[in-house]
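Observations on the model geometry
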Amino acid sequence: MATSLAAMTARRATTFTRLPFSSSTAQRRCFAGAADHHGPPKVNCWQDPMSPAKWKEEHFVIVSLSGWGFLFYGGYKLFTGGKNNKEEKFVQATQ
C-alpha cells in the first residue's frame, strides 16, 4: 500500500511539473477571441427593426419566439372562434 501511494504521489508530482501554468497565458488563451470582431457590428432590434441580419443574436431569438407565440395563439383563437364556454353553459342552464 505504501509503495502504491508513493508511486501515485510521484506520478502526480511529475504531471504537475509538466503542466505549463501561467496566469497570463491562461488569460490570453481564454479571452483571445472575445475582442476580435468579425463582420459588421450588431445593433439592438429597436434601432434597426427592418434588418434582422444586423440584430444581436439574443434579440433575434426573443423577437422570433415572441412572433411564433403570437402566431400560434392567434391561430388558436381564430380556429376556436374565441368562444367563452361559461356563456354557453349559462344559456343552456336557463332554457
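Residues numbered from 1 in each chain as written. Predicted model: local features only at pLDDT ≥ 70, side-chain atom pairs only at ≥ 80, totals over all residues. Heavy atoms only, no water.

In this section: the overall build of the chain. Summing up its helical and strand segments, the chain has 4 helices and 0 strands in all. Listing each helix as α and each strand as β along the chain from the N terminus yields α-α-α-α. Counting over 95 residues, the chain shows a buried share of 4%. Entry remark: accessible area of the chain is about 9,100 Å², with carbon and sulfur atoms responsible for 65%. (Helix = DSSP H or I, 4+ residues; strand = E, 2+ residues; numbered from the N terminus. Buried < 20%, exposed > 50% of the residue type's maximum accessible area, 1.4 Å probe, protein only. Areas by Shrake-Rupley, 256 points an atom, 1.4 Å probe, with all protein chains shown as cover.)

The positions UniProt marks with the feature "transmembrane region" (unreviewed entry) are residues 59-79. End C-alpha atoms of residues 59-79 are separated by 30 Å, and the span's content is 100% helix alongside 0% strand. (UniProt positions renumbered as here; feature names shortened; annotations may be inferred.)

A few words on the pattern of salt bridges. For the structure shown, the criterion picks out 1 salt bridge. Notably, a salt bridge pairs Asp 48 with Lys 54, separated by 3.7 Å at the nearest N-O pair. Judged by its relative accessible area of 21%, Asp 48 is partly exposed. (Salt bridge = Lys/Arg side-chain N within 4 Å of Asp/Glu carboxyl O.)

What follows deals with a nonpolar patch on the surface. Taken together, the side chains of Phe 60, Val 61 and Leu 65 define a hydrophobic patch exposed on the protein surface, amounting to about 290 Å² of accessible area. For Phe 60, a relative accessible area of 41% puts it in the partly exposed group. (Patch = residues over 30% accessible without salt bridge, like charges linked within 9 Å, V, L, I, M, F, W, Y side chains within 5 Å.)

Here we come to the side chain of Asn 44. Here Asn 44 shows up in the loop between α2 (23-30) and α3 (57-80). One polar contact links Asn 44 to Lys 56, side chain to side chain, over a distance of 3.3 Å. Apart from residues lying up to four places away in sequence, Asn 44 is in contact with Trp 55, Lys 56 and His 59. (Polar contact = N/O pair within 3.5 Å; in protein donor to acceptor, adjacent residues only side chain to side chain. Contact = heavy atoms within 4.5 Å.)

All right, on to the side chain of His 59 then. By secondary structure assignment, the location of His 59 is in helix α3. A distance of 3.3 Å separates a polar side-chain atom of His 59 from the backbone nitrogen of Cys 45. Aside from chain neighbours lying at most four places away, what touches His 59 is Asn 44, Cys 45 and Trp 46.

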